[in-house]
Amino acid sequence: MLLFSVKKVTNYLMQSKKENTIIMKDINTWLQGWFADSVVSYFFYIIKAAGYTIGIVGANGIRANAQQEKLFVGLILILIFGEALALYGLIVSLILVS
């Protein structure tokens, strides 16, 4: 897929030398759109992973904590790391966009 996109871009560049500035502007907007799309998908997957972590650990951790109270500190630590993962994804996405 990526090779096809590279060939498509190079063919588009070689199409006409007179319209080089127009072509470069088109490619620049195409690359900006592709980059924004990749940042959005990165942010989506990071938030999805953090949500699964918090949801699964939270639901099962509360049940386990009711049976054995030693698990409370570990449960809280895993939830904190899940939230840190979400914040990391948010910060990296904001840095990439700006």
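1. Observations regarding the overall build of the protein
Helix and strand counts for the protein come out as 3 helices and 0 strands. For the protein, the residues scored as buried account for 17% of the 98 residues in total. A fraction of 59% describes how many contacts in the protein between residues 6 or more apart in sequence connect residues 24 or more apart. For the protein, the computed accessible surface area is about 8000 Å², with 71% contributed by carbon and sulfur atoms.

2. Describing a nonpolar patch on the surface
A grouping of Phe-72, Val-73, Ile-76, Leu-77, Ile-80 and Phe-81 is seen on the molecular surface, where their side chains present a nonpolar patch of about 580 Å² in accessible area. Topologically, Leu-77 is positioned in helix α3 (residues 72-97).

3. Focus on the packing of aromatic side chains
Tallied over the full model, the rule gives 1 aromatic pair. On the numbers, 5.2 Å between centres and 65 degrees between planes, the contact of Phe-44 with Tyr-45 is edge-to-face. Taking relative accessible area as the criterion, Tyr-45 reaches 55% and is therefore assigned exposed.

4. Describing α3
The first and last C-alpha atoms of α3 sit 38 Å apart over 26 residues, in line with the 38 Å expected at 1.5 Å per residue. By the burial criterion, the buried members of α3 are Leu-75, Leu-79, Gly-82, Ala-86, Gly-89 and Ser-93.

5. A few points about the side chain of Ser-93
Within the secondary structure layout, Ser-93 lies in helix α3. When neighbours within four sequence positions are excluded, Ser-93 is seen to be in contact with Val-39, Tyr-42 and Phe-43.

6. A look at the confidence of the model for the protein
With 70% of its residues at a pLDDT of at least 70, the protein reaches an overall mean of 77. Put simply, helix α1 (residues 2-14) is where the protein has its lowest mean pLDDT, 60, and α3 is where it has its highest, 86.

7. Thoughts on the environment of Val-57
Of note, Val-57 is situated in helix α2 (residues 20-67). For the pair Val-57 and Ile-78, spaced 21 residues apart in sequence, the C-alpha separation works out to 7.4 Å. The residues contacting Val-57, other than those within four sequence positions of it, are Tyr-52, Ile-62, Leu-75, Ile-78 and Leu-79.

8. With respect to the environment of Leu-96
Topologically, Leu-96 is positioned in helix α3. Excluding residues within four positions of it along the chain, Leu-96 makes contact with Phe-35 and Val-39.

Parameters at a glance
- Residues numbered from 1 in each chain as written.
- Predicted model: local features only at pLDDT ≥ 70, side-chain atom pairs only at ≥ 80, totals over all residues.
- Heavy atoms only, no water.
- Helix = DSSP H or I, 4+ residues; strand = E, 2+ residues; numbered from the N terminus.
- Buried < 20%, exposed > 50% of the residue type's maximum accessible area, 1.4 Å probe, protein only.
- Contact = heavy atoms within 4.5 Å.
- Areas by Shrake-Rupley, 256 points an atom, 1.4 Å probe, with all protein chains shown as cover.
- Patch = residues over 30% accessible without salt bridge, like charges linked within 9 Å, V, L, I, M, F, W, Y side chains within 5 Å.
- Salt bridge = Lys/Arg side-chain N within 4 Å of Asp/Glu carboxyl O.
- Phe/Tyr/Trp six-rings, centres within 6.5 Å; stacked < 30°, edge-to-face > 60°.
- Expected span 1.5 Å × (residues − 1).
- pLDDT = per-residue confidence, 0-100.

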